[in-house]
Every structure is written in C-alpha cells, then in structure tokens.
Amino acid sequence: MENAVYITLGLGAVFCAYRAVIAVRLLSSMLYLACVSALVSILLYLMGAIEVAVIELSVGAGLVTVLFVYALSVVGEDARDLLSVIPKPLAWFTILLVAGLVAWLTFPTLPRPAQDGILSLKEALWQRRALDVWVQIALIFSGVMGVLGLLADTGRGPAAQPLEPKSARIAHQPEEDAE
Amino acid sequence: MAAWLSLSLILIPWLGALLVWRTGDAAPTRQHALAVAFSLAAGVAALVLVPLASPLVVFTLPMGAFFGELTLVSDGLSTVLAAIACMVGALAVIFSVDYMRGETQLGRYYTFVLLFIGAMCGLVLSGSLLFLFFFWEITALCSYALISFYNDDPRAVAGGVKALIITQVGGIGLLAGALAVFASTGSYQIADLLAKAPQIAPGLMSVVAFGFLAAAAAKSAQFPFHTWLPDAMEAPTPVSALIHAATMVNAGVYLLARFYPAFAPIPGWTFAVMLVGLASALITAFMALTAMDLKRALAYSTVSQLGYMVYAIGAGGVFASQFHLLSHAVFKALLFLAAGAVIHGVGTRDMRQMGGLGARMPLVRVVFVIGALALAGLPFFNGFWSKELILEEGLKHTPWWAYGGMLLGAGLTAFYTLRMTWMVFFGAARSERHAHDAGMAMKVALVALAAGTLLTWLAVGGFSGLMEESLPYHQIHALGLPGLVEEILLAPATYGALGVMALGLALGWLLRGRAGVSPPALVEGLSRTSFGFDWLNGHTARGVHHLAALLQKTQTGQMNWNLFGIMAALAAVLLVLWWSAP
Amino acid sequence: MTPLDIVLLVAVLLLGVAFYGLLITRNLIKMVVVLQLLVKGVVLALVLAGNVGGRAALGHSIAVTVIVADTVVAVVALALAVQVRLRFGTLDIPGISSLKG
C-alpha cells in the first residue's frame, strides 16, 4: 500500500519533469515544473523531512513560479520548436549511460534505514552546520546585488520589442561563421 | 637571532617592494631612496648572518599536511649565496639611481628588483623542496617582468617570454622531482632527503636527479637550454648584472650543489653534469668570440663561466664551484655594470661603434680591465684562484678530454676578453659618438665591486670552514688561505693553464686590429642560431602553436556542447568507478 | 522494494531527465527550468542519503541550504536572461554564442 503511494508520486513527478523538458511553450514548461515541485514536496513529507517539504513547496512551487512568470512577461514568449544542437540519439545514449551507471552503483548498497540520533533539524542547521547559514546569507546577499545590477537599466520596454532574433537556427548545424 | 635575520632577508626586500610601489611614480627621488635603503638593509643583514651559519633549521612555519612546513635553514651554502644576492643587489640598486634616472615607471622596476632579491634569498634559505620551488617560480616571474621592462620594445618582450618559457620547462623537472621525493619519503624537507637518500629506490632517485639537472640547466642557461640568456640582454643593465650574472642564474648551480650528496651515487649523473658544463663552457666561449653586442658577449661569457661551475660539481668539487660562483658573481656584476655605464654614456650596445673610450671614461676603463683580468683568470685576481681550483679538481676526477676542453675554454676566455676590452676602451675611436663619464652613484657601485674582485679570494678559509661545519652531508674539507696558495702555486697544472691563457691573450693581442671585422659566414651563422638550438626552439614553438589551433576547434562556444563535455566526463568517472568496484 | 528504493529510483530518473534537458534545450529560460528540475532530484537524493545513513537531520539541513542556493541561482540566471534578451535580441543559445570557435 505504502509502496503504491510512493510509486504514483514518483512516476507522476518523472512524467511531469519529462513534459517540462520537451514542452514547446515556456509557460507550459513552468507549470509542469510547479507540478514536479508539489509532488516532490509530498514525497519529502512522506520521508519524514517535514520542514524541507514545506520549504520546497513554498519556494519551488510558489516563489520560483512567480519569478518565472515575471521573467516571461518581461522577455516575451517565443514558442518555436527548434532542433537541438546535440543530436538526440547522442543525448539519449549519454543520459542512459550516466543514469544507468548511477543506478547500478547505488542500488545494491542501500541498507535498511537506521534509527536517527538525537538531532533535530534546528540543532543540525543552526549549530552543527552554522557555517551553512552564513553561506546562505552571503548567497542571498550576492544574489540580490546581482539582480539589482542586472535589472538596473531595464524598463518595461523589451516585451514591446519585435521578436526578431539575431539569427535563427532551424536545422541542426553548428555555427558556420567564416573565420 | 639567525631566525630573525633569515626571515628579514626575505621580508625586508619585500616590504621595500611594497613601499616603493605605493610611493608612486610621481615621487622618483623617494623611490630611489627607499629602494637603496631597503636593499642596503638586506645586504647588511645578510652579511651579519654569514658567521651565524649552522645546519639547524632556524625557522619553521607549518603550512598544513599537504604543503609540509616552510623551513629556513641558514647553513654555509645558503648564507653566502644570500649575502651575494643582497650585496650585489644593493650595489645594482645604487647603480640604478644613475642608470634609471628619468625613466618612467620606476615603481614597477624597483618593485620587481626588490621582490626578486627577497625571493632569491628565500630560494637559497629554504629548507623545504616545495617552497624552494615556490621561490624559484617567483624569481622566474621577476626575471620575465624585468627583461620585458621596456615593454614597448617587441624584442624585449620576446626575450622575456623566451626566458620565461625555457626556465619554466626546466621548472617542471624540479616540481616533478619534489613530488617524487614527497611520494617516497613523505616529507618535503631537504634535510630528510639528504638523510634518507641511500634508502630511496634508485629508479625513483634517477628521475629526481635528472629532473633537477634539467631544472638547473634551464635556469642557469646551460646546454641545451642556453638560448635564452643572450636574448635576455634587452633588460636594463643593472638587471642584467643582478639577475643574469650574479644571482638567478646561480640558482641552478646552487641546486646541483645542494643536492650533490644525494645524487652523486646515481650512475651517470655526475658524468651528465660534467658534460653539460663542458658543452656549455665551450659552445658559448666560441660564440663570444664573434659577438658584436657588448652585453651579448658578456652573456655568453656568463654561460661559459657557469659551465665551469657545473663542470666542477660534476668533478666532485662542490666547494670549488661555489668559490668560483662567489668570484664570478663579483667580477661579472662589475663587468656588466661597467658595460652599463659605457652603454648609458655612448647610447649603443654595438662594440663596433665604440673604441678609445678609455680617455673619456677613465674610471670605467680601470674597473672594466680589473673585471676582465679576473674573468681571464690572471694571477692574484679572484677569478684566478677559483678557476685554478676548478681545474685542479677537474684534473683529478674527470677524463683527460674533458679537462682538455676546459683548458681550451680558458684560453678562449682570455682571447675574447681581450678582444672585448680592446674594442671598447682602447684603439682609435670608431665613431663620433659623444660619451660622458659615469655618474657618482655608478662610480660607487663600480669601485665597491672592483675592490671585491681584488679581495674576495682572501675569504676562502672562512668560506670553506663554514661549509665544512654546516653541511654535514657534503663532506667538504676546509681549505685555509695558506693551503689554497700552496695548492695552486705548487701544482704544475696551474702553469699549464696559465700558459694556455697567455696563448689566448697573445692571440687576442695579435688579432686586435681585426676585432671589429665580421667573421666568416659559417661561424657567424653558427653563433647567431646558437649552434642550431635557436632553430630547434623556433620549430618547437611553431609546433605548439599548430596544436593549439587544432584544439581550438573543441571550444565551440556553445553551451550545449560544453554541457555535453561535462556529462561525458561524468560518464567517464562513473565508468571508472564501476570498473574498479569489487 | 522498500519506499526508499523507490525514492532512489525517482531521484535518479529526475536527474536523468534533467541532464537530458540540459543537453537538448536551446532556450535560456528553459535552461533555468531544467536546472530547477536538477535540484529537485538532488534534494530528494540528499534527504534520502540522510535517512539511509542514520543522520537524518544533517541531510535535512544540507537540503535546505541547497534549496536556498539554487533559488538564488535561478533568480540571478533569470535576471541575466532578461539582460541577454535586451542586448542580443534573442534567447536562443546557439544564437547568442559570440565565441568564434
């Protein structure tokens, strides 16, 4: 019974992820990402990581989606199904190789879960891994600085600009500029 | 006490470098003053340190398990070389006050000179192989920066890059050796290496020994790496005197001397060292015969004399080589600085446009003649004693043909020295160039070095005694002053050598009229391409360029391909992991 | 098949899909979406590793750190994408490559 729940959630997450990757419209991609976030969040809750699940849901499904929608509104939708630069068979082969190897390497060594110690997340985060907290603060600070710098001189103009890109690559050919 | 002095030899010049840089180019007088003050302070500290030499580690700074400890050991070998570096450095800086007067970007110049002096002291004082390499690299950087000081001149930049590349290729040998030592003994400390040398596997030891030989040959511009030093003469002359005559090029010889007890038992090593020295000495002596550029001739001469030092180490005479190092540093710095005074006064480096300058630059002529006589090895100058000591060792321990070659080299040295001196200072003035005499700062430096040339050989007793006491593995036997005089003056080989030198001088005198005439085309071609080695260098450089252009194709600049590369690497790593899992 | 095995499989599959997306995507903003997917897989794997190794709280705290970090990355990447769109006029990755090989 328990397994069934996990399998459903897991398969759902993978399916949504795949749809997100191959979606043609960016908006669809983002919505599928939100779904993946939600499903992963439930999985995390079921594994016992309650705080992480909450953070994942609110940040991944909430904040990030809002950010994406904002960026999309500034940039403009650009729905064209262009061929990828790297030939699909090559990509499939590499991914299967990597994923297969990872699965092969990790699966047999999965032991039964042991009982945890006395530690709670609060203690782990704020005492044992206190450096992480400082790192996160620094990260957030630099992220804010970066965004402020990057968005300093952008108005609301770009969405109204024509969507003509500088060059269109429809067929699968690498850049063939004259040297 | 020794700890503070050793540390200050590195830190005082570095502090001076920082202060000169911060002073800014708008206050040149203050820059000159600061540079002179700090280099003199370092020189005094170095001299005070010399009597305090001991084989013990005087300073330790732990740097974590991976890097070992930064240790400073001030034994006889280190302190004398540090003293040479600091004293000649101070005199070169004093000389620069006049030579570089009115130049722009003095801050850059003095900063690198002082940085170099500190790094050279660190190199010889270091007790850890890894930090020896670290200081080695800093001196290479300073050398490059100073050769290319006139960075608007493409020849200067080319010379600097060439020097950097060739010495760095040798540096790979040093790093590889250091890492191999660490892998087998677990320590970077030189004392540990010397103590455990007999227990290290001979195959590994050979790799280390020949790697160090390559590094030393590249740094000291020995065969087959002798092509960079003549092109490095684009540097300002005080730099040529300090770095390319008296200190940095000695680093290679120092390396060989320091590790001699560990490497001597390796079969073929001492023979290879001897060959390198012999080849360098002879090839560059030939090239000096036909050089028309004053500094180039001196550069060839430097390589030749370094060849003598390397040959001495190959013959087993570590003290003889260091004694000649001391003499050579003093008289070669003297010759370079005097040449600098001439070049500064006349405005050209071409000897064919000089001549008869002795009348207008009397002091410079006198000191140049003193340096030249020491270089040629005439009796009672410091060069005589040290060169004869080397030849004695060579006679005892090397094959007859090697000794003969070095003897021939001595004759050639006398010949080209006379030629050089004559072309510049004597005879009729060959051009209408107006020459002014040297400034006061220049004269001070020149007189100090000339006095050194006449007197440093008197320190042989103290020097060898210091080395005997403080170098436990080298088994050097102290040679007192009376012993030196007796040994040299009573040996028949000395008179044979003197005869060869007299022959060289006579030949030079007879041919002095034709000194400015270009030699036959074949000889000139050989000289110009450094006996074909420059051609080899050029081809190697072009080959590397082609390879780089080919590899550029993989840098498509497209993110997807870059990501693919990352993923391919990940797949490779996982494959290796999967393969090696039990 | 314990639940933990299933979660491991899901994490590996998510990572695989995300890697595939990294290779395939031509749009800069889509790339950021794919990176977010990657991080979801990583978070799952981290919490799983914590549970399995017996140090659950440690796994949780590192997962929180990773989420924060990757959110900052997404924010800055989106801001960059906006600027790229302004200056190059396109978000197509091959089109904005200005290195001449």
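What counts, and at which threshold
Residues numbered from 1 in each chain as written. Chains lettered and ligands numbered in written order. Predicted model: local features only at pLDDT ≥ 70, side-chain atom pairs only at ≥ 80, totals over all residues. Heavy atoms only, no water. Helix = DSSP H or I, 4+ residues; strand = E, 2+ residues; numbered from the N terminus. Buried < 20%, exposed > 50% of the residue type's maximum accessible area, 1.4 Å probe, protein only. Contact = heavy atoms within 4.5 Å. Areas by Shrake-Rupley, 256 points an atom, 1.4 Å probe, with all protein chains shown as cover. Rg over C-alpha atoms; globule rule 2.2 N^0.38 Å. Lys, Arg positive; Asp, Glu negative; His and termini not counted. Charge placed at Lys NZ, Arg CZ, Asp CG, Glu CD. Buried area = accessible area lost by both parts, 1.4 Å probe. Salt bridge = Lys/Arg side-chain N within 4 Å of Asp/Glu carboxyl O. Polar contact = N/O pair within 3.5 Å; in protein donor to acceptor, adjacent residues only side chain to side chain. Nonpolar A, V, L, I, M, F, W, Y, C, P; charged D, E, K, R; others polar. Phe/Tyr/Trp six-rings, centres within 6.5 Å; stacked < 30°, edge-to-face > 60°. Pairing = 2+ DSSP bridges. Expected span 1.5 Å × (residues − 1). Arc of directions from axis to C-beta. Axes fitted to C-alpha atoms, helices over the stretch in contact; angles between N-to-C directions. Parallel < 35°, antiparallel > 145°, perpendicular 65-115°, else oblique. Left-handed = near helix turned anticlockwise from the far one by under 90°.

Colleague: Account for the overall build of chain A, naming residues and giving values.
Modeller: Secondary structure summary: chain A contains six helices and zero strands in total. In sequence order, the secondary structure elements of chain A are arranged as α-α-α-α-α-α. Across the 179 residues in chain A, those meeting the buried criterion constitute 34%. Looking at chain A alone, contacts between residues at least 24 apart form 64% of all its contacts between residues at least 6 apart. In the structure as shown, chain A presents an accessible area of about 10,700 Å², 69% of it carried by carbon and sulfur atoms.

Colleague: Provide a residue-level description of the overall build of chain B, including the pertinent values.
Modeller: Within chain B one finds 25 helices and two strands. By the compact-globule yardstick of 25 Å for 582 residues, chain B fits well, its C-alpha radius of gyration being 24 Å. Within chain B, the proportion of its 582 residues that are buried is 58%. The contacts of chain B with a sequence gap of at least 6 include a subset with a gap of at least 24, amounting to 81%. Just so you have it, chain B exposes about 22,100 Å², and 72% of that area is on carbon and sulfur atoms. The distance from the centre of the 27 positive side-chain charges to the centre of the 24 negative ones in chain B is 9 Å.

Colleague: Break down the interface of chain B and chain A for me, citing the residues and quoting the values.
Modeller: Counting from both sides, the interface comprises 11 residues of chain B and, opposite them, 14 residues of chain A. Carbon and sulfur atoms supply 85% of the area that chain B and chain A bury against each other, a total of about 1,200 Å² over both sides. The largest per-residue losses of area from chain B upon contact with chain A belong to Phe564(B), Leu574(B) and Trp578(B), which jointly make up 39% of the total buried on that side. Where chain B packs against chain A, one counts zero salt bridges. Summed over the shared surface of chain B and chain A, the number is zero residue pairs in polar contact (both at pLDDT 80 or more). The class makeup of the residues in the side of chain B that touches chain A is nine nonpolar, two polar and no charged.

Colleague: Describe the packing of aromatic side chains, listing the residues and the values that go with them.
Modeller: Residues and elements named next belong to chain B. What the rule picks out here adds up to 25 aromatic pairs over all chains. Centroid distance Phe319 to Phe463: 5.4 Å. Interplanar angle 70 degrees. Geometry classified as edge-to-face. Taken together, the residues Phe319 in helix α15 (residues 318-346) and Phe463 in helix α20 (residues 460-470) connect sequence positions 144 residues apart. In this structure Phe319 comes out as buried when scored by relative accessible area, which is 8%. Accessibility expressed as a relative area gives 6% for Phe463, which makes it buried.

Colleague: Let's hear about unusual backbone geometry: which residues, and what values?
Modeller: All names here are of chain B. For the bond from Phe223 to Pro224, the omega torsion is -5 degrees, close enough to zero to count as cis. Tracing the sequence through the fold places Pro224 in the loop between α8 (202-219) and α9 (228-231). The phi angle at Ala221 is positive, at roughly 55 degrees, despite the residue not being glycine. Considering the arrangement of structural elements, one finds Ala221 in the loop between α8 and α9.

Colleague: Describe the interface of chain A and chain C, and please don't skip the residues or the numbers.
Modeller: With 88 residues of chain A at the interface, the matching set in chain C holds 71 residues. Between chain A and chain C, a total of about 7,300 Å² is buried, with carbon and sulfur atoms accounting for 75% of that surface. At the junction of chain A with chain C, the criterion picks out one salt bridge. Residue Glu56(A) pairs with Lys40(C) through a salt bridge whose shortest N-O separation is 3.3 Å. Where chain A meets chain C, there are seven residue pairs in polar contact (both at pLDDT 80 or more). Secondary-structure elements contributing two or more residues to the side of chain A that touches chain C are α1 (2-22), α2 (26-47), α3 (50-75), α4 (88-106), α5 (121-128) and α6 (130-150) of chain A. Top element by residues in the side of chain A that touches chain C is α3(A). It accounts for 12 residues. Of the residues that constitute the side of chain A that touches chain C, the class distribution is 57 nonpolar, 16 polar and 15 charged.

Colleague: Before we move on, could you go through the side chain of Glu234(B) and cite the residues and values that matter?
Modeller: For Glu234(B), the location among the structural elements is in the loop between α9 and α10 (237-246). With sequence-adjacent residues up to four places away left out, Glu234(B) is seen in contact with Ile147(B), Tyr150(B), Asp153(B), Arg155(B), Ala156(B) and Arg349(B).

Colleague: Explain the pattern of salt bridges to me, and be specific about the residues and the numbers.
Modeller: Per the counting criterion, the structure on display carries 11 salt bridges over all chains. Bridged by salt links that share partners, the residues Asp153(B), Arg155(B), Glu234(B), Asp293(B) and Arg349(B) form one connected network.

Colleague: Describe the pairing of strand β2 (residues 69-73) of chain B, with residues and values.
Modeller: Residues and elements named next belong to chain B. Of all the five residues making up β2, four are buried; the element is thus mostly covered by neighbouring parts of the structure. Sheet topology note: the strand β1 (residues 57-62)/β2 ladder contains five bridges and is antiparallel. Bridging from a neighbouring strand, Phe59 pairs with Leu72 of β2.

Colleague: Could you give an account of helix α22 (residues 492-510) of chain B, naming the residues involved and the relevant values?
Modeller: Residue pairs spaced three or four apart in an α-helix point in one direction, given the helix's 3.6 residues per turn. Residues and elements named next belong to chain B. With 19 residues, α22 extends 27 Å from end C-alpha to end C-alpha; this agrees with the ideal 27 Å at 1.5 Å per step. Listing the buried residues of α22 in full gives Ala493, Thr494, Ala497, Met501, Gly504 and Gly508. Along the axis of α22, the buried positions cluster into a sector of 105 degrees, meaning they face one direction only. Facing away from the buried side of α22, by more than 90 degrees, are the exposed residues Pro492, Leu503 and Leu510. The inward-facing, buried residues of α22 abut α16 (362-376), α17 (382-397), α18 (400-425) and α21 (481-490).

Colleague: Lay out the packing of α16(B) against α17(B) with the relevant residues and their values.
Modeller: The description of two packed helices rests on the angle between their axes and on the distance between the axes. Residue and element names in this part refer to chain B. It is at 7 Å that the axes of α16 and α17 come closest, and there the two elements cross at 10 degrees. Our classification of the angle between α16 and α17 gives roughly parallel. The chirality of how α16 crosses α17 is right-handed. Residue-level inspection shows Ala374, Leu375 and Ala376 of α16 in contact with α17, the latter providing Asn382, Gly383, Phe384 and Lys387. In terms of residue class, the contact of α16 with α17 is built from four nonpolar, two polar and one charged.

Colleague: Summarise the packing of helix α1 (residues 3-24) of chain C against helix α2 (residues 28-53) of chain C; cite the residues concerned and give the values.
Modeller: Residues and elements named next belong to chain C. Taken N-terminus to C-terminus, the directions of α1 and α2 make an angle of 155 degrees; their axes are 8 Å apart at the nearest point. The orientation of α1 with respect to α2, classified from their angle, is roughly antiparallel. Two packed elements cross with a definite hand, and for α1 against α2 that hand is left-handed. Across from Leu4, Val7, Leu8, Val10, Ala11, Leu14, Leu15, Ala18, Phe19, Gly21 and Leu22 in α1, the residues of α2 making contact are Met31, Val34, Leu35, Leu37, Leu38, Lys40, Gly41, Val42, Leu44, Ala45, Leu48 and Val52. In terms of residue class, the contact of α1 with α2 is built from 20 nonpolar, two polar and one charged.

Colleague: Describe in detail the environment of Ile200(B), supporting the description with residues and values.
Modeller: As for its placement among the helices and strands, Ile200(B) is situated in the loop between α7 (190-196) and α8. In this view, Ile200(B) contacts Ser184(B), Thr185(B), Leu193(B) and Met205(B); residues no more than four positions away in its chain are not counted.

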